[in-house]
Every structure is written in structure tokens, then in C-alpha cells.
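Chains, contacts and geometry: an overview
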Amino acid sequence: MIGKCTKPGMFQGSKVSVSSRRSQTSGEPNSSRSDKNGPPPHKLNYFKFVHAMRHWRNQAKDRITVRSEKLKPAVKFENTYKTDPEEGQLFAPGKVENVMREILEQRLNSVRYQPEKCRLIATELTADIKGKVKAMGFPRYKLVCNVIITENKRQGVEVASRCVWNHSTDNFASYTYRNTTLIAIANVYGVYFE
């Protein structure tokens, strides 16, 4: 502290440190800090201290956000309470049958029946048909696709499926392809998700 006095005989412009004032009031003799106890204490730079505190705070926030993002629950959306599809967005069996016909005729035109080969072809056809029907854009419809390939020996084949669904919104499409050695039956079921 710098003190100035106007009275004669008082010290003018003298510097008195806080530490020396404490030692004088406690009855100890005036001593400097750089004595036998060690080096003088470091002076704290206020601006560096504030900068370090901000940096530590930002690091803590980053850690908290990363931890909270891992623990965040899944986002839940409000119910729309739609029980029927909008007009013009119903499952269209005619359009789906055209897609199935194109895919089956293109893929099975020159294929001869072999059990192992047809097992893989049936799996690929199911994925192709389901992908094309999804691309047609029937919103809120769950699609189930099934392809059966059997050998063509002029035998009778009967495929049956039973579903519990709403007759006003749900529907299915079916197409049968035949060549000299095989029969392929494709079914696609469109079930509206309320």
C-alpha cells in the first residue's frame, strides 16, 4: 500500500507490504519472505489464472456432454393417431405385380432348376423385389416378401398363407413365373402400421 500523509514528520510515499504489517501486529520481528524458508513465492498472474480456469471449465463441459450423449434415452415421438393411410397411398397390388413380373422374367429367363442354385436365387429375388417395392413409396406399410422356387415336372403346387389384418388397408400381390424347368411363386404382403 502506498500511503501519503500531509502532517510533518510522517513518511511520505513509503511502501508497506501486507506481510510485514501482519508480522508487526503479531509481535514478530519484520522479516522478508526470501529468508531460510525457501525462494520467494511466485506472483500470480491474474489473466493467466482466468484463462486456465476457462480452459478447465470447457474441458469439464465437454466431458459431461460426451458422457450425457452416451446415456441419453432414445427420442420418443408423439402419436399421430392415424388409423388409415391417406388418400392415394394405399398398397397397390397391380403396380407391385408388374414389378414382380419384370424382376422374375428378367432373372429367371435362362435359369435351369438346380436345388442349391435356386435356393440362393430365391433369397436374392426376395431382396430385389422387396427393395423395388419399398422404393415405390407406400408410407407406413410393413412389407413381407416371399419367393418359392420348385421344379417343373407338371405337378400340382398349392401355396397357402393366412394373415390377420385389416381388409380396408392391408393387401397382397402375387405372381407366378414358369419356364421349362422351374416354377417361381412370389408373394408380397403390405400391412399398414397404425
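Residues numbered from 1 in each chain as written. Predicted model: local features only at pLDDT ≥ 70, side-chain atom pairs only at ≥ 80, totals over all residues. Heavy atoms only, no water.

**Quick look at the pattern of salt bridges**
The full count for this structure, using the stated rule, is two salt bridges. Across the pair Glu 116 and Arg 119 runs a salt bridge, and its minimum N-O distance is 3.1 Å. Within this pair, Glu 116 and its partner Arg 119 are both found in helix H4 (residues 115–135), separated by three residues, close to a single helical turn. Judged by its relative accessible area of 54%, Glu 116 falls in the exposed class. (Salt bridge = Lys/Arg side-chain N within 4 Å of Asp/Glu carboxyl O. Helix = DSSP H or I, 4+ residues; strand = E, 2+ residues; numbered from the N terminus. Buried < 20%, exposed > 50% of the residue type's maximum accessible area, 1.4 Å probe, protein only.)

**Some remarks on the nonpolar core**
Counting residues in each nonpolar core, the largest one holds 29 residues, and the members touching the most others are Leu 108, Ile 129 and Ile 149. Elements with a minimum of two residues in this core: helix H3 (93–108), H4, strand S3 (141–151), strand S4 (171–178) and strand S5 (182–192). Sequence-distant contacts of Leu 108, defined by excluding residues within four places in its chain, comprise Ile 121, Leu 125, Tyr 177, Asn 179, Leu 182 and Ala 184. (Core = buried A, V, L, I, M, F, W, Y, C linked by side-chain atoms within 4.5 Å. Contact = heavy atoms within 4.5 Å.)

**A closer look at the packing of aromatic side chains**
Under the counting rule described, the total for this entry stands at seven aromatic pairs. Ring centres of Phe 91 and Phe 138 lie 5.2 Å apart, and the angle between their planes is 45°; this geometry places the pair in the tilted category. One end of the pair, Phe 91, is in the loop between helix H2 (46–71) and H3; the other, Phe 138, is in the loop between H4 and S3, with 47 residues separating them in the sequence. By relative accessible area, which is 5% here, Phe 91 ends up buried. Assessed through its relative accessible area of 14%, Phe 138 is described here as buried. Ring geometry for Phe 138 against Tyr 141: centres 6.3 Å apart, planes inclined by 75°, an arrangement best described as edge-to-face. Overall, Tyr 141 belongs to the buried group, its relative accessible area being 9%. (Phe/Tyr/Trp six-rings, centres within 6.5 Å; stacked < 30°, edge-to-face > 60°.)

Remember that the coordinates give geometry; whether it matters functionally is a separate question.
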